[in-house]
Amino acid sequence: EMARRLEGLAEVSLESGLRGNAVSSDNPLFHTIAKVVSRTDPGAVVSPYLTPGFTNGGAYAHLGIKYMGFTPVMFPPTLEFSSLFHAADERCPVDGFKWGVRTLYEIVSDFVGA
């Protein structure tokens, strides 16, 4: 689209140095996440998903580091998360943020055996 709109004004090329990243959900970290989330939110189901966006995961993968994104935040069922994502007033509920911090702390503690 950019090339079409800028035709005659500029040359447009797409360059990418990072590839996509995939990590199997059959690994100790994913199992720890699922175990802790089932404790902190009984009945919740943890499932892998694809995020069609950009992360630094590709740079980590290039170095041989396995990367898995996980951002625990609790949203009430009546709040439409997608309407807040990258919005001018992007925000999350304070209680949902606190739940996420506690959950992430427990995941790291359990994973490293603390």
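Criteria and thresholds
Residues numbered from 1 in each chain as written. Predicted model: local features only at pLDDT ≥ 70, side-chain atom pairs only at ≥ 80, totals over all residues. Heavy atoms only, no water. Helix = DSSP H or I, 4+ residues; strand = E, 2+ residues; numbered from the N terminus. Rg over C-alpha atoms; globule rule 2.2 N^0.38 Å. Buried < 20%, exposed > 50% of the residue type's maximum accessible area, 1.4 Å probe, protein only. Contact = heavy atoms within 4.5 Å. Areas by Shrake-Rupley, 256 points an atom, 1.4 Å probe, with all protein chains shown as cover. Lys, Arg positive; Asp, Glu negative; His and termini not counted. Charge placed at Lys NZ, Arg CZ, Asp CG, Glu CD. Patch = residues over 30% accessible without salt bridge, like charges linked within 9 Å, V, L, I, M, F, W, Y side chains within 5 Å. Salt bridge = Lys/Arg side-chain N within 4 Å of Asp/Glu carboxyl O. Axes fitted to C-alpha atoms, helices over the stretch in contact; angles between N-to-C directions. Parallel < 35°, antiparallel > 145°, perpendicular 65-115°, else oblique. Left-handed = near helix turned anticlockwise from the far one by under 90°.

Engineer: Teacher, can you tell me more about the overall build of the chain here?
Structural biologist: Check the secondary structure of the chain and you find 5 helices and 0 strands. Listing each helix as α and each strand as β along the chain from the N terminus yields α-α-α-α-α. The C-alpha radius of gyration of the chain comes to 19 Å, more than 25% above the 13 Å expected for a compact globule of 114 residues. Along the longest, intermediate and shortest principal axes, the C-alpha atoms of the chain span 60 × 40 × 20 Å. For the chain, buried positions account for 14% of its 114 residues. A sequence separation of at least 24 residues applies to 62% of the contacts in the chain between residues at least 6 apart. In the form shown here, the chain has an accessible surface area of approximately 9,400 Å², with 58% of it arising from carbon and sulfur atoms. Of the side-chain charges in the chain, 9 are positive and 12 negative, and the distance between the mean point of each set is 6 Å.

Engineer: Help me understand the environment of T71, please; the structure alone is not making it clear to me.
Structural biologist: Mapped onto the elements of the fold, T71 is located in the loop between α3 (57–62) and α4 (81–84). Residues T71 and Y60, 11 residues apart in the sequence, show an inter-C-alpha distance of 18 Å.

Engineer: Help me out: how do you make sense of a nonpolar patch on the surface in this one?
Structural biologist: On the surface, a nonpolar cluster with roughly 360 Å² of combined accessible area is contributed by L104, V108, F111 and V112. Structurally, L104 is set in helix α5 (residues 94–112).

Engineer: When you look at the packing of helix α2 (residues 28–40) against α5 in this model, what are you seeing that I'm missing?
Structural biologist: In helix packing, the relevant descriptors are the interaxial angle and the interaxial distance, both defined with respect to the helix axes. Put simply, α2 and α5 touch, their axes get as near as 9 Å, and they point 135° apart. Between α2 and α5, the interaxial angle falls into the category oblique. Crossing angle aside, the handedness with which α2 passes α5 is right-handed. Counted together, P28, L29, T32, I33, K35, V36, V37, R39 and T40 of α2 and W99, T103, E106, I107, D110 and F111 of α5 form the full contact between these two elements.

Engineer: How should the environment of I33 be read in this particular structure?
Structural biologist: By secondary structure assignment, the location of I33 is in helix α2. For I33, a relative accessible area of 4% puts it in the buried group. Sequence separation of I33 and L104 is 71 residues, and the distance between their C-alpha atoms is 8.4 Å. Those residues in contact with I33 that sit more than four places away from it in its chain are V46, M68, F70 and I107.

Engineer: What am I meant to see in the pattern of salt bridges here?
Structural biologist: Tallied over the entire structure, the rule returns 6 salt bridges. For R4, the salt bridge goes to E1, with nearest N and O atoms at 2.8 Å. The exposure class of R4 is exposed, given its relative accessible area of 54%. Classification of E1 by relative accessible area gives exposed; the value is 56%. The shortest N-O distance in the salt bridge between R39 and D110 comes to 3.1 Å. Of this pair, R39 sits in helix α2 while D110 sits in helix α5, and the two are 71 residues apart along the sequence.

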